[in-house]
Amino acid sequence: AQYQVAIMYEYGHSIKKDDKKAIFWYLKACDQGHPSALEHMIEVYETGIIVNRNPKQAFNFAEQLSKSTSPFAWLKLADYYLRGFGTKKNRRKALTCFKNAAEYQSVYANEMLAKVYKEGLFGFPNYKKARYYANQAEALGSNIKKVMYF
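A brief look at the structure comes next.

Rules used throughout
- Residues numbered from 1 in each chain as written.
- Predicted model: local features only at pLDDT ≥ 70, side-chain atom pairs only at ≥ 80, totals over all residues.
- Heavy atoms only, no water.
- Phe/Tyr/Trp six-rings, centres within 6.5 Å; stacked < 30°, edge-to-face > 60°.
- Helix = DSSP H or I, 4+ residues; strand = E, 2+ residues; numbered from the N terminus.
- Buried < 20%, exposed > 50% of the residue type's maximum accessible area, 1.4 Å probe, protein only.
- Lys NZ or Arg CZ within 6 Å of the ring centre and 35° of its normal.

**Concerning the packing of aromatic side chains**
- Within this structure, the stated rule accounts for 7 aromatic pairs.
- With 5.5 Å between their ring centres and 85° between their planes, Phe59 and Tyr81 make a pair best called edge-to-face. Of this pair, Phe59 sits in helix H4 (residues 55-65) while Tyr81 is found in helix H5 (residues 71-83), placing the two residues 22 residues apart along the sequence.
- By relative accessible area, Phe59 is classed as buried at 3%.
- Here a set of aromatic residues connected by ring pairs shows up, and it is made of Tyr117, Tyr132 and Tyr133.
- Here the guanidinium or amino end of Arg83 rests over the ring plane of Phe85, the centre of that ring lying 4.6 Å away.

Structural data, given as structure tokens:
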């Protein structure tokens with residue numbers, strides 16, 4: 001219910017639009033572990049809509065969401081570690097995050113891992129692992145094997 005109230009305040013549905021009240025209710029929903037509220041707050045703090053842009057807060061909400069089964073959270077964390085957004089750059093942690101997202105059936109994560117291993121982006125190429133992740137991505141509907149010439 002808190003998430004729905006937050007949406008109502010953010011967009012002015014049936015009540016007067018009020019960004020401060022929207023954030024209040026989104027945060028209440030986040031405290032309850034509401035996945036959509038957490039995703040929304042990641043985007044809010046990443047982009048600076050409604051509140052001031054705050055990379056550390058975006059990173060913290062992504063970490064909180066990663067405790068669920070959300071590939072979105074793992075992909076955000078991978079991106080943040082690669083860019084040093086809200087945290088220090090760490091390619092090893094980014095790779096782990098991509099692997100976690102892949103475990104939750106993320107096509108994009110499997111594609112990224114295939115590319116990372118094929119091109120040796122974090123070290124030496126590993127074609128066996130590249131093919132494995134390309135096959136996983138293909139099983140999920142990707143055409144990566146045609147694009148990357150496996």
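Anyway, onward from the coordinates.
**A few points about unusual backbone geometry**
- Even without glycine at this site, Ser14 takes up a positive phi of about 70°.
- Ser14 gets classed as exposed once you look at its relative accessible area, which sits at 77%.
- With a phi close to 65°, Gln105 is a non-glycine residue in the positive phi region.
- Looking at the secondary structure, you find Gln105 in the loop between helix H6 (91-103) and helix H7 (107-119).

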